[in-house]
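Here's the letter readout for the chains.
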Amino acid sequence: MKLKMLLFLSISCLSACWMPTKPEASLYIRLGGKPILEVISSDLLDATSSDERTKRSFKDVKLSTVKESLTLYLCEKTGGNCIYEGETMKNSHADAKITTAEFELMVQQLRDVLDAHNIGYREKNELLKILAPTKRDIVTPHAFNN
Ligand code: HEM
């Protein structure tokens, strides 16, 4: 009886252990793909370029072009099937001498946009975690423009 039980348990374990696990969908898919990234990029850049505390560097910038670039950047970084061919984060932000305060305000604006579009807690944090390391390339050390 014990032997039968043992055999039964080993067979059920084997079949369960060999079940191929479904790979998790990319962050890009879980966020909602290109359409939601377009909306997020657009809303974020509208917020950053109109907020008194962050609008300074957008004075001579064609917003629609940056929106398209940011969408492709986010698409690529979240595992979407896009190729970002723009400048590096270092090159595209160097002239503007972005401060730590400006960077942190933009991150808060991004949180607000993600909340406004009901992006899940997990997806929101995954995206913020992907973007966090860009700070060292985007912020100019000791910049003080405000
Ligand atoms: C997570 C942080 C950020 C990311 C991922 C990001 C991403 C980008 C991307 C992808 C571009 C387009 C570059 C190209 O097409 O070559 C861009 C351009 C730009 N970004 Fe950011 N950015 C960030 C933070 C900021 C902050 C904090 C500011 C200012 C408050 C800012 C201001 C600008 C401006 C003004 C441009 C246009 C530069 C130009 O065309 O001369 N960015 N950014």
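Refer to the structure above for everything that follows.
Residue positions are given per chain, counting from 1 as you read along its sequence in written order. Only residues with pLDDT of at least 70 get local features here, since the model is predicted, and only at 80 or more are side-chain atom pairs given and counted; chain-wide, interface and lining totals rely on the full set of residues.

Caption draft 1: Just the site of the ligand, in detail. The environment of the ligand is made up of 21 residues, and the closest members are S69, G86, E87, S92 and M106. Numbering of helices and strands starts at the N terminus; helices are DSSP runs of H or I of at least 4 residues and strands are runs of E of at least 2. Breaking the shell around the ligand down by element, the ones donating at least two residues are α4 (63–77), α5 (89–94) and α6 (100–116). Looking at the shell around the ligand residue by residue, the classes come out as eleven nonpolar, eight polar and two charged. Near, as applied to residues and a molecule or strand, means the residue's backbone-placed C-beta atom lies within 6 Å of it. Under the scheme applied, nonpolar residues are Ala, Val, Leu, Ile, Met, Phe, Trp, Tyr, Cys and Pro; charged residues are Asp, Glu, Lys and Arg; polar residues are all the others, including Gly.

Caption draft 2: Structural detail: the environment of S42. Here S42 is to be found in helix α3 (residues 33–50). The class of S42 is partly exposed, set by 17 C-beta atoms lying within 10 Å. In sequence terms S42 and V113 are 71 residues apart; their C-alpha atoms lie 9.8 Å from each other. Each residue is classified by how many other C-beta atoms fall within 10 Å of its C-beta atom, where C-beta atoms are placed from the backbone; a count of 20 or more means buried, 12 or fewer means exposed, and values in between mean partly exposed.

Caption draft 3: View of the environment of K97. Among the secondary structure elements, K97 is positioned in the loop between α5 and α6. A C-alpha to C-alpha distance of 8.5 Å links K97 and S57, two positions 40 residues apart in sequence.

Caption draft 4: Fine view of unusual backbone geometry. Look at K97: it is not a glycine, yet its phi comes out positive at around 50°. One non-glycine residue, N118, lies in positive phi territory at about 55°. One can find N118 in the loop between α6 and α7 (121–131). Under the C-beta neighbour-count criterion, N118 is labelled exposed, with 8 such atoms within 10 Å.

Caption draft 5: Region of interest: the environment of L31. When you line up the elements, L31 lands in helix α2 (residues 27–31). Taking the number of C-beta atoms within 10 Å as the measure of exposure, L31 has 26 and is therefore buried. Once residues within four sequence positions are removed from consideration, L31 is found in contact with I36, L37, T78, I119 and E123. Residue pairs are scored as contacts if the distance between their C-beta atoms, which are placed from the backbone, is within 7 Å.

Caption draft 6: Just the packing of α3 against α4, in detail. For helices, the fitted axis covers only the stretch in contact; all axes are lines through C-alpha atoms, and the angles between them, taken along N-to-C directions, range from 0 to 180 degrees. At a closest axis distance of 9 Å, the pairing of α3 and α4 adopts a crossing angle of 130°. On the basis of their axis angle, the class for α3 and α4 is oblique. α3 and α4 meet at a crossing whose hand is right-handed. Contacts between α3 and α4 involve K34, L37, E38, S41, S42, L45 and S49 from the first element and L63, V66, K67, L70, T71, L74 and C75 from the second. Of the residues assigned to the contact of α3 with α4, the class counts are seven nonpolar, four polar and three charged. Orientation labels follow simple angle bins: below 35 degrees gives roughly parallel, above 145 gives roughly antiparallel, 65 to 115 gives roughly perpendicular, and whatever is left gives oblique. Helix crossings are classified by the rotation of the near helix relative to the far one: an anticlockwise turn of less than a right angle makes the crossing left-handed, while a clockwise turn makes it right-handed.

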